[in-house]
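Summary of structural features
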Amino acid sequence: FLSLSLLDDFFIDQRHDQFSQELRLTSPSTGMINYVFGLYYFDRQTSDREILQPGTDIAFLIMPGEVGDTTISSVLDDASYAAFGHVDMHLTDRFTLSAGGRYTREEQDVDFTQTSTNFAFASLGNIQRSRDESHFTWVVNARYQFDNDLTGYATIARGSKPGGFDLTRLPNFNNFEYQDEKNTNYEIGLKGALFDNRLQFSSALFLTNYSNFQAAGFDGLNLITSNADLFRSKGGEIEITALPTDGLTLQFQASYVKANYVNFPNGTCPPGIALPCDLSGSRLPVAPKVTLGASAEYRTALADSTEGFVRIDGNYKSGIFFLQNLDPSAYQGPRTVFNARLGFETESGFLLEAFARNMFNQKYVNFVFPAPLSSGAYVGYVADRRQVGVRGRFSF
């Protein structure tokens, strides 16, 4: 990322093998009670070997008499077993009560080795660890159909994500293992249609509390996963589809999300500040507060079996921080991107269209992080600029 020879080589060799199987017993769709029960099995093995060779401009970091390599080798075995069930009870023609549960057992074994003959990364030796955890997750949902065109619902759900290991370059083994994450979600919503289905809408309000939230951070050299004691996300969203005339479809989506760490005393820090930093009350990175989207598409018959179309769509995202530590140098301000398409499509499956992506050439980045082994320098991945072209497709 700099005009320096920091790495002469960065070798990565990975292998991933996995197998999964699910068995289900499902009831007929008719009747007062519908159900599904099942068993699930998942097994994977992941091996990884990485070698970093310092470049000539940082040769002073190589230990005397050594080649300077940092070598990482890891093998992870992961097996998951689950039993689940879900029941829908149609108590009346309009009211349905649903409940489901899943019991999961997760077993992980890891063998990790990190050796280094340079002063940039630590030589930690070998560590072997095992995790054996189980979780019961569940959902309860009540749905009421006010009439044929309007339905309301309320849901409470409990979710879980298993813990794991940071199998990457590590400064020490203090953060080698992170704990399982749990969340409880509350949601209410309303879905319906008006004016003979020419206006369709879906809206929801939600609140989700996370405990032991698995938060990923980057300190300039190392990726660190740590657990935030409590994290909360709340907000609302709405989607509207309108069909004002034949052939014309208008769509609009909007969401507002407030996502903050409630208690996170062991977060990462901006460059130059020693770990840890208390991020309690801070925003979650890469989480825009406001997201908007809209599109307009018009289709009309050009011949008996050919349809022409024109479409324009746009989306807006408010500003975000890319890093867990909310470093202001890694901030992306609000951005709006528009796209357009013009073409025709036949019933036989042939499509030809001209398109423009990011048609107003909005300049923004998809990610920013501090450049390794540097002070005050940042690296950003620039988003695609305006692209125009012609595309053909045949489906059969």
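Taken together, the side chains of Arg232, Lys234, Lys258 and Lys289 present a region of like positive charge at the surface. Along the chain, Lys289 turns up in the loop between strand E12 (248–263) and strand E13 (290–303).

Under the criterion given, the structure shown has one disulfide. Bridging Cys269 to Cys277, the disulfide has an S-S length of 2.1 Å. Because the torsion about its S-S bond is 120°, the bridge between Cys269 and Cys277 counts as right-handed. Here Cys277 falls in the buried class, since its relative accessible area comes to 15%.

Another aspect to go through is the pattern of salt bridges. Working definition: two side chains of opposite charge can pair if their charged atoms are close together. Scanning all chains against the criterion turns up 19 salt bridges. In this structure, Arg24 and Glu22 form a salt bridge, with 2.6 Å as the shortest nitrogen-oxygen distance. Residue Arg24 is classed as exposed on the basis of its relative accessible area, which comes to 59%. The exposure class assigned to Glu22 is partly exposed, which follows from its relative accessible area of 33%. Here Arg299 ties to Glu307 by a salt bridge, and the two come within 2.9 Å at their closest N and O atoms.

Attention now goes to the nonpolar core. Formed by Tyr210, Phe213, Ala215, Ala228, Phe231, Ala259, Tyr261, Phe264, Leu279, Leu284 and Ala287, the largest nonpolar core amounts to eleven residues. Of all the elements in the fold, those that place two or more residues in this core are strand E10 (199–218), strand E11 (223–242) and E12. The biggest single contributor to this core is E10, with three residues. Discounting chain neighbours no more than four positions away, the residues touching Ala259 are Phe231, Arg232, Ser233, Ser282, Arg283 and Leu284.

Before going further, it helps to examine the side chain of Glu353. Along the chain, Glu353 turns up in strand E18 (residues 350–357). Relative accessible area serves as the criterion here: at 2%, Glu353 is assigned to the buried category. A distance of 2.9 Å separates polar atoms of two side chains, one belonging to Glu353 and the other to Arg341. Within the local environment of Glu353, its side chain forms a polar contact with the side chain of Arg391, the two groups lying 2.2 Å apart. If near-sequence neighbours (up to four positions away) are discounted, Glu353 is found in contact with Phe309, Arg341, Leu342, Gly343, Gly389, Val390 and Arg391.

This next bit is on the side chain of Asp166. Following the sequence through the fold, Asp166 ends up in the loop between strand E7 (164–165) and strand E8 (177–178). Buried and without a salt bridge, Asp166 has Arg129 as its closest oppositely charged side chain, separated by 11 Å.

All chains considered together, the criterion is met by 21 aromatic pairs. A ring pair is formed by Phe165 and Phe176, whose centres lie 5.4 Å apart and whose planes are at 40°; its orientation type is tilted. Of this pair, Phe165 sits in strand E7 while Phe176 sits in the loop between E7 and E8; the two residues are eleven residues apart in sequence, bridging distant segments of the chain. Between Phe231 and Tyr261, the ring centres sit 5.8 Å apart and the planes meet at 55°, which makes this aromatic pair tilted. Of the two residues, Phe231 sits in strand E11 while Tyr261 sits in strand E12, which places them 30 residues apart along the sequence. Each member of the pair Phe231 and Tyr261 is classed as buried. Aromatic ring contacts, followed pair by pair, group Tyr210, Phe213, Phe231, Tyr261 and Phe264 into a single cluster. The positively charged end of Arg335 is found above the aromatic ring belonging to Tyr364, 4.6 Å away from the centroid. Its end group placed over the ring of Phe355, Arg391 keeps NZ or CZ at 5.0 Å from the ring centre.

What follows deals with the environment of Ile240. Along the chain, Ile240 falls in strand E11. Taking relative accessible area as the criterion, Ile240 reaches 28% and is therefore assigned partly exposed. For Ile240 and Phe201, which are 39 residues apart along the polypeptide, the C-alpha to C-alpha distance reads 4.4 Å. When residues no more than four places from it in sequence are discounted, the contact partners of Ile240 are Leu199, Gln200, Phe201, Leu250, Gln251 and Phe252.

The rules behind these values
Residues numbered from 1 in each chain as written. Predicted model: local features only at pLDDT ≥ 70, side-chain atom pairs only at ≥ 80, totals over all residues. Heavy atoms only, no water. Patch = residues over 30% accessible without salt bridge, like charges linked within 9 Å, V, L, I, M, F, W, Y side chains within 5 Å. Areas by Shrake-Rupley, 256 points an atom, 1.4 Å probe, with all protein chains shown as cover. Salt bridge = Lys/Arg side-chain N within 4 Å of Asp/Glu carboxyl O. Lys, Arg positive; Asp, Glu negative; His and termini not counted. Charge placed at Lys NZ, Arg CZ, Asp CG, Glu CD. Helix = DSSP H or I, 4+ residues; strand = E, 2+ residues; numbered from the N terminus. Disulfide = S-S within 2.5 Å. Buried < 20%, exposed > 50% of the residue type's maximum accessible area, 1.4 Å probe, protein only. Core = buried A, V, L, I, M, F, W, Y, C linked by side-chain atoms within 4.5 Å. Contact = heavy atoms within 4.5 Å. Polar contact = N/O pair within 3.5 Å; in protein donor to acceptor, adjacent residues only side chain to side chain. Phe/Tyr/Trp six-rings, centres within 6.5 Å; stacked < 30°, edge-to-face > 60°. Lys NZ or Arg CZ within 6 Å of the ring centre and 35° of its normal.

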